[in-house]
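Spelled out from the first residue to the last, the chains are:
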4 protein chains.
Amino acid sequence: ETLRTLSDYERRAEHHLPAEVWRHIQEGSGRGITLRENRAAFDRIGLLPRALADLDGSTAIDLLGRAHAAPVMLGPVAYQRLAHPEGELASVRAAAALDVGMIVSTLASVTMEDIAAAAIAMAGELGRRPAPLWFQLYLQPLREHSLQLVRRAEAAGYEAIVLTVDAALKPQGITLPPGVEPVNLAGMPRPRQTAVPGGRILLGTPLAQAAPGWDDLAWLRRATTLPILLKGAVLGEDARRAVDEGVDGLIVSNHGGRVLDGVPSGLELLQNVAEAAAGRVPLLVDGGVQLGTDVVKALALGARAVLIGRPQMHALSVAGMAGVAHMLLVLRTEIEAAMAQLGCPEPRLLCPERLVALS
Amino acid sequence: ETLRTLSDYERRAEHHLPAEVWRHIQEGSGRGITLRENRAAFDRIGLLPRALADLDGSTAIDLLGRAHAAPVMLGPVAYQRLAHPEGELASVRAAAALDVGMIVSTLASVTMEDIAAAAIAMAGELGRRPAPLWFQLYLQPLREHSLQLVRRAEAAGYEAIVLTVDAALKPQGITLPPGVEPVNLAGMPRPRQTAVPGGRILLGTPLAQAAPGWDDLAWLRRATTLPILLKGAVLGEDARRAVDEGVDGLIVSNHGGRVLDGVPSGLELLQNVAEAAAGRVPLLVDGGVQLGTDVVKALALGARAVLIGRPQMHALSVAGMAGVAHMLLVLRTEIEAAMAQLGCPEPRLLCPERLVALS
Amino acid sequence: ETLRTLSDYERRAEHHLPAEVWRHIQEGSGRGITLRENRAAFDRIGLLPRALADLDGSTAIDLLGRAHAAPVMLGPVAYQRLAHPEGELASVRAAAALDVGMIVSTLASVTMEDIAAAAIAMAGELGRRPAPLWFQLYLQPLREHSLQLVRRAEAAGYEAIVLTVDAALKPQGITLPPGVEPVNLAGMPRPRQTAVPGGRILLGTPLAQAAPGWDDLAWLRRATTLPILLKGAVLGEDARRAVDEGVDGLIVSNHGGRVLDGVPSGLELLQNVAEAAAGRVPLLVDGGVQLGTDVVKALALGARAVLIGRPQMHALSVAGMAGVAHMLLVLRTEIEAAMAQLGCPEPRLLCPERLVALS
Amino acid sequence: ETLRTLSDYERRAEHHLPAEVWRHIQEGSGRGITLRENRAAFDRIGLLPRALADLDGSTAIDLLGRAHAAPVMLGPVAYQRLAHPEGELASVRAAAALDVGMIVSTLASVTMEDIAAAAIAMAGELGRRPAPLWFQLYLQPLREHSLQLVRRAEAAGYEAIVLTVDAALKPQGITLPPGVEPVNLAGMPRPRQTAVPGGRILLGTPLAQAAPGWDDLAWLRRATTLPILLKGAVLGEDARRAVDEGVDGLIVSNHGGRVLDGVPSGLELLQNVAEAAAGRVPLLVDGGVQLGTDVVKALALGARAVLIGRPQMHALSVAGMAGVAHMLLVLRTEIEAAMAQLGCPEPRLLCPERLVALS
Ligand SMILES: Cc1cc2nc3c(=O)[nH]c(=O)nc-3n(C[C@H](O)[C@H](O)[C@H](O)COP(=O)(O)O)c2cc1C
Ligand SMILES: Cc1cc2nc3c(=O)[nH]c(=O)nc-3n(C[C@H](O)[C@H](O)[C@H](O)COP(=O)(O)O)c2cc1C
Ligand SMILES: Cc1cc2nc3c(=O)[nH]c(=O)nc-3n(C[C@H](O)[C@H](O)[C@H](O)COP(=O)(O)O)c2cc1C
Ligand SMILES: Cc1cc2nc3c(=O)[nH]c(=O)nc-3n(C[C@H](O)[C@H](O)[C@H](O)COP(=O)(O)O)c2cc1C
């Protein structure tokens, strides 16, 4: 059967992955309410096509002063060697080939330096400037370790730091098979939960103290001149404060429904955050994006771009770099078709008037 | 098992069609949201019967100055020989036998001249004036080819041109088996998508330039004296402009959910368009019509008539001309029964007061 | 497995009935929307129990000047010998045993005289006055035949005439097996649909002319002194007019979802009709009643009593008279339990304040 | 497969219980609407996490002047030896180990004295003051028997009386196997339903007279100095009156959907009762609690604590005391994680602003 859509890749991926890895990638926390909402929120929004419009334009956007060929990036997804032996190297080569940016996780299973090198090499082969690479930071128990990560990212040419703040107390969720490791954290200690029955479990323990706070953000702001994006702050008031504290962009995300179950969909959170941020910084959003129509909906609701998470792992497991590249081509083609059918040949023309609530 | 309803035909059709053809006929784009909405919109509307009313009347309507025996037409459906060797010839004979009009697709698998001749012959046998035939136009890359099609339609006795504007960038979706071809387009070039990875895909390419624009409508308006109906313009403002530009009727349609997924149902779009058109031209609607009650709902919401798409192919595949004729008889009988139970023995008596939202 | 609820009987009935009879009993018209709504409307309404209330009371009601032990009657259901060889005789004996009234259909498969005699005999054995029997009238093509039916009902002791007005054009739906016949209509002609393809189908045909009109109601009002109830007039304005024309009660019904698909549930129609009738005549309602909680909901929304249709046939098929009697005992027990838990030990205490919309 | 959540225990329990016991534990009355609503109400409420907050705090609450380590109690569940030979002894030991309070049913299958002794012994072993034990009272047909139960509870160290008022007419629902008995009621007569077909069934019978009334509450208030909580009064007006009559707390409950089907979820009733009680007494709620996120939702909507019912039986059947203890640890851990992710490290910080309706 031919692979024509991102959900074709998803279906196929189940047969290419060990059961435990498949479960790990797909799972949502709790009863999976947020996971389902991430998709359902897109499906509840309808589109109003405009007939007979002019279709001269392109999908290009500007983000933090840099041109992106399309309003899509590969989101940070840990341990990509779970899905394919080449892991992040395959993903980043595909992203480079399709001129799509990528956010590399702290928990990458390939070093950030090797990933950056692969991107540059691929872009070189194609005679293009590489698409942007950003580094996603999980704060480490010791600030010096966090700082080491930032410095390495700066040195390797990453163009922004994405500080993820929503997953501090998330347990790991899978036993890593041999050869899959958080190689960027080699030599650093990892926090762990140690509950005393009847006593404190999380609140007030060292684990909770290690969770990122506003002071950590302020520290990071001082520590680097790279643009900082906050991933996972979803309240209007938190978004506003973060902008006041100097972040350069916000990634509206519920972590793919993997942390607190019951959080509304990324798409709905986006609407609150967009109001609060009032255009002061660009917004990205993720959670459930699978179709070109999803992307145009997010853009019409105020996102500058979207991230895709799980589809990377699906495509990677099915066909490595070629899978990710084809998956990105499918998505980009769908975006263009949707823009054309809406009569909006530029991202900035996508606006709430093109949307309608489906009943 | 006896065939008593249009969905009986649908169920049976699956066993009469090659899997790929069945999938092609049934499919909706994307996640099938629009496809499902087309049906769900009818199912959400309830009917309020009026007891003890007088039942003297008929289903006849007037459309563009011509009497139609019932508020139903066969909509344009390409390549009907996919469903039955006689293809459009079987459909048009059935339509003629049941005194129901038909819209012939640009992509018919029988020439428009042969279809028109079959309709006239059948009406002659029954000693009746033939029911109306309209020609559905897909604009061709070269205007001279579009003009050739219009001239042939005029010559063959087609009574109106239906310009479909919602499917310019829709890929074909099926590999045509031998013997099934767009015979009306013999000798004309067909547009094709040629994406360069990393470069432009649709927007700004020749393919996008060939999509119909307002200038094309203006050209067509000048090119023929036949009535023109626009199929697939679903925004109030597009409808208004089209009427200003001289179209004689509007067919509110999301192309059976086959193009942009997420477009609301035809029935809901109808309500917007009806407001915008404000009675200046007659409105037709399609998408999901399967029952007599669907037809009365559409009429009560402002449609003059409905088109049926897929049910033609279902009935055709099950029993050729006899199938389509029986399917049309079932539908016409259901329409009469629904009108009787509503106490509305004339189409013009169907009004929003007979409807109620179901919860 | 023990039979503890009416749906236990329903489930079991499927194994006691020929497939075609089962389908015939269960079926709804069209897509079954009304059929499902009949149940769903009950399920959408929640109940607010009142704690610690006094529980001294009973389920007895007054209807047309007559005491009924419970707010429930067996509704008119044709051809009960389809479900059990004793047919209506078994049902009426069970009703008499449980002191529940019954409405006998024009299309009973036992003569109305034999049914009445069986009811009297059973009540005699129990040393009680028989519960009320009403006769349901389908108008016959010739008025003299309708009159004959009314006169026979008067003579046999039926206490009211129920004129059903919603099913005039409903096709029969099942081929009657040998021995099951409309014995009350022996010697009378039956109307039949004879469509000419391409010509008139129902509207304006003799069949439509034979459908009951307001003039027929006026005639019936003059023809008998028995109370008349109208079954199937569901619009507020029709209800009002019927009361003006002298009917003594209204049975709000969509015929169990068997006629026009899309009609709202009986329970929802009840609320409109209750407003229009403004207490001038008692209201009954049917459609989907299966539980004691359904009955209290209907009463709280303005019904004096409910009818049950299909559950008669289910219980009859499972265990004949004993089945119907047990089914009625189950329902009466459930009604009492629900009234107790609501703190409403009398039907008149059931009011909208005990209800709440479930989300 | 590892047991990581309360629903893992539920799934597993089915294989550890005789079919009839499983059905008995799981069942809801009627069509199970209330049973489903109990869960659905939690699932419809979304959570709004607050990023970067301080996480120093604990789950401890005060209830009737007593510290509880967590806002959770084991609710009264009859006949726990149906699930495990140690029955209530296993549950209470687990509760004591996890420092969680327990409400012991009148229908316990172990005497209330033995249960209290086991709790004290376990707390002693752990060197802690025992967590609170409350006694749930079903009024007995004779007041002297009810009084005996209260006196025994006082003597055994129970700290409150929970008067359940919603289940007076509930039939037992299961035939108790040998060795499982209401040992606390030894020597007392049990009420029984004895319907005469055609006559009174419940209303106005001795059974109805034995149901608790406001006079019984007044008597109980005079009879004991222990705090009294009313379980199952769910109307605002009943709640208000109960507080006026001196109850010390309200347990908002629909008895796990086991009595009157159609009652809204505990969570929704809570909101009405909270308004009526206006903070005069603490509120507890139960029905459907399975996750830490459920607990934080209930607290944010005004509950001081929640009870869990069925999960006790599930965990008991799977692994006896160890099962219940682990189940409680899972729940407590989930509560802490949810509070952390919401940025609310104290129960009193949970407020409606952290919630949002999911669509
Ligand atoms: C397997 C997996 C690993 C992830 N690892 C990270 C991570 O290391 N850092 C991070 O910020 N987000 C991580 N995420 C969250 C994604 O960045 C993203 O927010 C989410 O997957 C978006 O939803 P989608 O999968 O529906 O596209 C991970 C998600 C998945 C599925
Ligand atoms: C197999 C197929 C082929 C179609 N071909 C055409 C076409 O050539 N031209 C056109 O305007 N619409 C075409 N349509 C759309 C139909 O005219 C119509 O809008 C749609 O089928 C209505 O929905 P329904 O199938 O639910 O009745 C096609 C639809 C189907 C299913
Ligand atoms: C098998 C069957 C036969 C029926 N026959 C009659 C009839 O002869 N006359 C009539 O007025 N209604 C008839 N009805 C409708 C019932 O009186 C009643 O309105 C309906 O069954 C109520 O819905 P319920 O079946 O969900 O209880 C019939 C219904 C069924 C299911
Ligand atoms: C098997 C079982 C037995 C119960 N026994 C009692 C009881 O004896 N007394 C009482 O007040 N509630 C009793 N309940 C109701 C529970 O206290 C509680 O209200 C309900 O189970 C909460 O819902 P949950 O099971 O969804 O947590 C019982 C519930 C179950 C499932």
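Here, every reference points to the structure presented above.
Here the structure is a predicted model, which means the values were calculated and not measured. (Residues numbered from 1 in each chain as written. Chains lettered and ligands numbered in written order. Predicted model: local features only at pLDDT ≥ 70, side-chain atom pairs only at ≥ 80, totals over all residues. Heavy atoms only, no water.)

*Asks:* Report on the site of ligand 1, specifying residues and quantitative values.
*Replies:* Residue and element names in this part refer to chain A. Within the structure, ligand 1 sits among 19 residues, and P76, S105, T164, D286 and G288 are positioned closest to it. Side-chain polar atom of S253 to an oxygen atom of ligand 1: 3.3 Å apart, as the coordinates give it. Bound to the protein, ligand 1 loses 96% of the 600 Å² it would expose on its own. Along the lines of polarity and charge, the residues of the shell around ligand 1 split into six nonpolar, nine polar and four charged. (Near = heavy atom within 4 Å. Polar contact = N/O pair within 3.5 Å; in protein donor to acceptor, adjacent residues only side chain to side chain. Areas by Shrake-Rupley, 256 points an atom, 1.4 Å probe, with all protein chains shown as cover. Nonpolar A, V, L, I, M, F, W, Y, C, P; charged D, E, K, R; others polar.)

*Asks:* Help me get a handle on the packing of helix α4 (residues 88–97) of chain C against helix α12 (residues 310–341) of chain C, residues and values and all.
*Replies:* Residues and elements named next belong to chain C. Two elements in contact, α4 and α12, have axes whose closest approach is 7 Å; the angle formed by their N-to-C orientations is 20°. Accordingly, the angle class assigned to the pair α4 and α12 is roughly parallel. You can see that α4 and α12 cross each other, and the crossing is left-handed. Here A90, S91, R93, A94, A95 and A97 of α4 come into contact with α12, specifically with Q312, L316, G320, M321, V324, A325 and L328. (Axes fitted to C-alpha atoms, helices over the stretch in contact; angles between N-to-C directions. Helix = DSSP H or I, 4+ residues; strand = E, 2+ residues; numbered from the N terminus. Parallel < 35°, antiparallel > 145°, perpendicular 65-115°, else oblique. Left-handed = near helix turned anticlockwise from the far one by under 90°. Contact = heavy atoms within 4.5 Å.)

*Asks:* Pulling in residues and values, what's your account of the interface of chain D and chain C?
*Replies:* On the side of chain C, 36 residues touch chain D, which itself brings 37 residues to the contact. Here chain D and chain C share an interface that buries about 3000 Å² over both sides, 63% of which is from carbon and sulfur atoms. When residues of chain D are sorted by the area they lose upon contact with chain C, D:R31, D:L203 and D:L260 head the list and together hold 23% of the total. Applying the counting criterion to the chain D and chain C interface returns one salt bridge. In this structure, the connection of chain D to chain C is made through nine residue pairs in polar contact (both at pLDDT 80 or more). Contributions of two or more residues to the side of chain D that touches chain C are made by α3 (33–43), α8 (214–223), α9 (236–244) and α10 (266–277) of chain D. (Buried area = accessible area lost by both parts, 1.4 Å probe. Salt bridge = Lys/Arg side-chain N within 4 Å of Asp/Glu carboxyl O.)

*Asks:* For the relation of the copies chain D and chain C, give the residues involved together with the corresponding values.
*Replies:* Once chain D is rotated about the relating axis by 90° and shifted along it by 0.1 Å, it coincides with chain C to within an RMSD of 0.1 Å. Each copy turns onto its partner about a four-fold axis. Taking C-alpha positions as the reference, the residue of chain D nearest the rotation axis is D:S359, at 7.9 Å. (Least-squares fit on C-alpha atoms with pLDDT ≥ 70 in both.)

*Asks:* An account of helix α4 (residues 88–97) of chain B is needed here, citing residue identities and associated values.
*Replies:* All names here are of chain B. In terms of burial, α4 is a largely internal element, eight of the 10 residues being buried. Here α4 has its buried residues at E88, A90, S91, V92, A94, A95, A96 and A97. Trailing α4 by a residue or two, D99 shows a phi angle of about 60°, which is positive. (Buried < 20%, exposed > 50% of the residue type's maximum accessible area, 1.4 Å probe, protein only.)

*Asks:* Describe the sheet that holds strand β9 (residues 249–252) of chain B, with residues and values.
*Replies:* Residues and elements named next belong to chain B. With parallel pairing, the eight strands of this closed barrel are ordered in space as β4-β5-β6-β7-β8-β9-β10-β11. Averaged over all pairs of adjacent strands, the angle between their axes in this sheet comes to 25°, without regard to strand direction. Where strand β10 (residues 283–286) lies against strand β11 (residues 305–308), three bridges are found, and the strand directions are parallel. By the bridge assignment, V285 is partnered in β11 with V306. Across the face of the sheet, α4 comes into contact with β4 (72–74), β5 (101–104) and β6 (133–137) while running at roughly 155° to β5. (Pairing = 2+ DSSP bridges.)

*Asks:* Explain the side chain of B:H68 to me, and be specific about the residues and the numbers.
*Replies:* Residue position: B:H68 is located in strand β3 (residues 66–68). Not counting chain neighbours up to four residues away, the residues in contact with B:H68 comprise B:A60, B:I61, B:L63, B:M73, B:P132 and B:W134.

*Asks:* How would you explain the arrangement of the chains if you had to name every residue and give the values?
*Replies:* Taking C-alpha atoms only, the smallest gap left between chain A and chain C, which are not in contact, amounts to 16 Å. Separated in space, chain B and chain D share no contact, their closest pair of C-alpha atoms being 16 Å apart.

*Asks:* Go over the site of ligand 3, please, and point to the residues and values.
*Replies:* All names here are of chain C. Taken together, 19 residues are adjacent to ligand 3, and P76, S105, T164, D286 and G288 come closest. Here an oxygen atom of ligand 3 sits 2.7 Å away from a polar atom, N or O, in the side chain of S105. In the environment of ligand 3, an oxygen atom lies 2.5 Å from a nitrogen or oxygen atom belonging to the side chain of D286. Isolated, ligand 3 exposes 600 Å² of accessible area, and the fraction of that covered by the protein chains is 96%.

*Asks:* Lay out the sheet that holds strand β8 (residues 228–231) of chain A in plain terms, naming residues and giving numbers.
*Replies:* Residue and element names in this part refer to chain A. Spatially, β4-β5-β6-β7-β8-β9-β10-β11 is the arrangement adopted by the eight strands of the closed barrel, whose pairing is parallel. When strand polarity is set aside, the average angle formed by the axes of neighbouring strands in this sheet is 25°. In terms of strand pairing, strand β9 (residues 249–252) meets strand β10 (residues 283–286) through three bridges, oriented parallel. Each bridged residue has a counterpart across the sheet, and for V252 the counterpart in β10 is V285. Running at roughly 155° to β8, helix α8 (residues 214–223) makes contact with β6 (133–137), β7 (161–164) and β8 of the sheet. Sheet strands in contact with helix α10 (residues 266–277) are β9 and β10, and its direction is about 165° off that of β10.

*Asks:* With reference to specific residues and values, describe the pattern of salt bridges.
*Replies:* Following the criterion strictly, the structure yields 60 salt bridges over all chains and no others. We note a salt bridge from A:D244 to A:R280, for which the minimum N-O separation is 2.7 Å. Here the residue A:D244 occupies a position in helix α9 (residues 236–244), and A:R280 occupies one in the loop between α10 and β10, the gap between them amounting to 36 residues. In this structure A:R280 comes out as partly exposed when scored by relative accessible area, which is 45%. Shared partners join several salt bridges into a network, and the residues in it are A:R31, D:R39, D:D43 and D:D294.

*Asks:* Tell me about the environment of C:A233, residues and numbers included.
*Replies:* You can see C:A233 is positioned in the loop between β8 (228–231) and α9 (236–244). Apart from residues no more than four positions distant in its own chain, C:A233 is found in contact with B:A51, C:V165, C:D238 and C:V273.

*Asks:* So what about the nonpolar core? Which residues, and what values?
*Replies:* Membership of the largest hydrophobic core comes to 475 residues, with the highest contact counts inside it found for A:L250, B:L250, C:L250 and D:L250. Dropping the residues within four chain positions of it, D:L250 is found in contact with D:L229, D:L230, D:A239, D:A242, D:V243, D:V273, D:A277, D:V281, D:P282, D:L283 and D:L284. (Core = buried A, V, L, I, M, F, W, Y, C linked by side-chain atoms within 4.5 Å.)

*Asks:* Tell me about the pairing of strand β9 (residues 249–252) of chain C, and please be specific about residues and values.
*Replies:* Residue and element names in this part refer to chain C. Across the two faces of β9 the burial is the same, with G249 and I251 and L250 and V252 all buried. Direction of pairing for β8 relative to β9: parallel, over a ladder of three bridges. Note on β9: the bridge partner recorded for L230 is L250. Taken together, β9, helix α10 (residues 266–277) and strand β10 (residues 283–286) constitute a β-α-β crossover, and its handedness is right-handed. (Right-handed = clockwise from strand over helix to strand, strands pointing away.)

*Asks:* How would you sum up the environment of D:S29? Please name residues and give values.
*Replies:* Residues and elements named next belong to chain D. Checked against the element boundaries, S29 lands in the loop between α2 (19–26) and α3. Taking the C-alpha atoms as reference, S29 lies 9.4 Å from G256; in sequence the two are 227 residues apart. Discounting residues that sit within four places of it in the chain, S29 has contacts with G257, R258, V259, L260 and D261. A distance of 3.3 Å separates a polar side-chain atom of S29 from the backbone nitrogen of D261.

*Asks:* Give me the interface of chain A and chain D: which residues, what numbers.
*Replies:* For an interface, size is often stated in terms of accessible area lost upon the parts coming together. Listed by partner, the interface residues are 36 residues for chain A and 36 residues for chain D. Of the roughly 3000 Å² buried between chain A and chain D on both sides combined, carbon and sulfur atoms contribute 64%. Applying the counting criterion to the chain A and chain D interface returns one salt bridge. Residues D:D43 and A:R31 are paired through a salt bridge, measuring 2.8 Å at the closest nitrogen-oxygen approach. Of all the secondary-structure elements, those providing two or more residues to the side of chain A that touches chain D are α3 (33–43), α9 and α10 of chain A. Grouping the amino acids of the side of chain A that touches chain D by side-chain chemistry returns 19 nonpolar, seven polar and 10 charged.

*Asks:* With reference to specific residues and values, describe helix α2 (residues 19–26) of chain A.
*Replies:* An α-helix turns once every 3.6 residues. As a result, residues three or four positions apart point the same way. Within the span of α2(A), buried status applies to A:V21, A:W22, A:H24, A:I25 and A:Q26. Tucked into the core, α2(A) has its buried residues touching α1 (6–13), α3 and α12 (310–341) of chain A.

*Asks:* Break down unusual backbone geometry for me, citing the residues and quoting the values.
*Replies:* Residues and elements named next belong to chain A. Positioned with a positive phi, Y79 is a non-glycine residue whose angle comes to about 50°. Inspection of the secondary structure assignment puts Y79 in the loop between β4 (72–74) and α4 (88–97). Residue Y79 is classed as buried on the basis of its relative accessible area, which comes to 4%. Positive phi, close to 60°, is recorded for H255, a residue that is not glycine. Relative to the elements of secondary structure, H255 occurs in the loop between β9 and α10. By relative accessible area, which is 13% here, H255 ends up buried.

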